[in-house]
Amino acid sequence: MQALVEKISEAIDFLKPQIQQTPRIGLILGTGLGDFSQQIQQQASIAYEEIPHFPHSTVESHAGKLVFGTLNETPIVAMEGRFHFYEGYSMKEVTFPVRVMKALGVEILIITNAAGGMNPQYQLADIMIIEDQINLMGDNPLRGINDDRLGLRFPDMSAPYDRGLINLAEQQALALQIRTQTGVFVAVTGPNLETRAEYRMLRQMGADCVGMSTVPECIVANHASMKVLGLSVVTDICLPDALEPVDISNILKIAADGGKKLARLIPEIIANLD
Ligand code: HPA
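Cut-offs applied
Per chain, residues are indexed from 1 in the order of the written sequence. With the structure being a predicted model, the display of local features is reserved for residues of pLDDT at least 70 and the display and counting of side-chain atom pairs for 80 or more, all residues being used for whole-chain, interface and lining totals. The side-chain quantities take in all heavy atoms of the structure and omit both hydrogens and water. Labels follow the DSSP assignment, with helices taken as runs of H or I lasting at least four residues and strands as runs of E lasting at least two, numbered in each case from the N terminus. Here's how the labels work: a residue is buried when its accessible area is under 20% of the maximum for its type, exposed when over 50%, partly exposed in between, all with a 1.4 Å probe on protein chains only. Note on contacts: a residue pair is in contact if any heavy atoms of the two residues lie within 4.5 Å. Here the aromatic set is Phe, Tyr and Trp, taking the six-membered ring for Trp, and pairing holds for ring centres within 6.5 Å; pairs whose planes are under 30 degrees apart are stacked, those over 60 apart are edge-to-face, and all others are tilted. Residues are labelled near a given molecule or strand when at least one of their non-hydrogen atoms is within 4 Å of it. Identification of polar contacts relies on pairs of N or O atoms within 3.5 Å, with a donor-acceptor requirement for protein atoms, meaning one able to donate a hydrogen and the other able to accept it, and with residues adjacent in sequence counted only if both atoms are side-chain atoms. Reported accessibility uses the Shrake-Rupley method at a 1.4 Å probe radius. Residues are deemed covered only where the shown protein chains occlude them. Side-chain classes follow a simple rule in which Ala, Val, Leu, Ile, Met, Phe, Trp, Tyr, Cys and Pro form the nonpolar group, Asp, Glu, Lys and Arg form the charged group, and the remainder, Gly included, forms the polar group. Salt bridges are defined by distance alone: a side-chain nitrogen of Lys or Arg within 4 Å of a carboxyl oxygen of Asp or Glu.

The next subject is the side chain of His-223. In this structure, His-223 sits in helix H5 (residues 215-223). In this structure His-223 comes out as buried when scored by relative accessible area, which is 4%. Aside from chain neighbours lying at most four places away, what touches His-223 is Arg-99, Leu-142, Asn-146, Leu-150, Gly-151, Leu-152 and Pro-155.

Following this line, the structure appears as structure tokens:
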């Protein structure tokens, strides 16, 4: 089997000639942020299918692309469409784009997602700045032989989300009068939503939001010594004793509402980086 570093360097050899600047920021666009890349002054847009070793899209996942350009003059690469574990991809496939971003020179990874809110203080379309995470996906992208060129065997996870970025996101949201929460994100595999008993358990474990992504990407970014900022949009209220059946079209509508807030917030965060 081909080593991960070789696959990464083949992807880089393909991408590098097509980009003009080294991206400093990597952005993973979650549900609701579909339009965000229109804000990027685009220099190149490359379909995942064309990139060596990028996973092949399943029927369910949208045809995705990597968008390169600048946002407030900061060079950025955005993933329009992400790979979910529930679609059948391995953890290594789900996180391959993060490896590629690192190899391109990305220092800061901004991960967005749609999530269920379990903290009773949370309201629909709130933005939760992720402070910490719990991996309940039953797998790990770092499982297997460690390649020391990519990171440590036992990476530290005492601060998986960068404190400086959390503070910056809070400050900028305040300035824009966007309501935010700061809390713990737990990832499950999905694709089913949780039962009442599961929401109760996840809340008791200490999680504020639950979703089906982000945790693998954050683990790999930490392994690769990237700084991570995680932003969730609360798309459904998951109080086990007052649970309403979910309506996916409603989740998508709320995700779009929250996405509009993120579309205002993210450029300000980027403009105010050190
Ligand atoms: N559970 C898991 N993932 C989700 C949810 C949820 O309630 N809402 C949006 N993504």
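Additional details are given in the paragraphs that follow.
Evaluated as defined, the whole model comprises 5 aromatic pairs. With a centroid separation of 5.2 Å and 40 degrees between ring planes, the pair formed by Tyr-48 and Phe-83 is classed as tilted. Of the two residues, Tyr-48 is situated in the loop between strand E2 (41-47) and strand E3 (65-71) and Phe-83 in the loop between strand E4 (74-80) and helix H2 (91-104); the sequence distance between them amounts to 35 residues. Measuring from centroid to centroid gives 6.3 Å for Phe-54 and Phe-83, while their planes differ by 70 degrees, and the two rings are edge-to-face. Of this pair, Phe-54 sits in the loop between E2 and E3 while Phe-83 sits in the loop between E4 and H2, and the two are 29 residues apart along the sequence. Taken individually, Phe-54 and Phe-83 each receive the classification buried, so the pair is uniform in this respect. In textbook terms, an aromatic cluster arises when at least three aromatic residues are bridged by ring pairs, as seen for Tyr-48, Phe-54, Phe-83, Tyr-89 and Phe-96.

Around the ligand, a shell composed of Ala-114, Ala-115, Gly-116, Leu-193, Glu-194, Tyr-199, Val-210, Gly-211, Met-212, Thr-235, Asp-236 and Cys-238 is seen. For the ligand, an oxygen atom lies 2.7 Å from a polar atom in the side chain of Tyr-199. For the ligand, a nitrogen atom lies 2.6 Å from a polar atom in the side chain of Asp-236. About the coverage of the ligand: the protein hides 94% of its 260 Å² of free accessible area. Counting only elements with at least two residues in the shell around the ligand, the list comes to strand E5 (108-117), strand E8 (209-211) and strand E9 (227-237). Per element, the largest residue contribution to the shell around the ligand is 3 residues, and it comes from E5. When the residues that make up the shell around the ligand are grouped by side-chain class, the tally is 7 nonpolar, 3 polar and 2 charged.

According to the stated counting rule, one finds 11 salt bridges in the structure shown. Arg-203 is the partner of Asp-208 in a salt bridge, and the nearest nitrogen-oxygen pair spans 3.0 Å. On the basis of relative accessibility, which here comes to 10%, the residue Asp-208 falls in the buried class. By relative accessible area, which is 29% here, Arg-203 ends up partly exposed.

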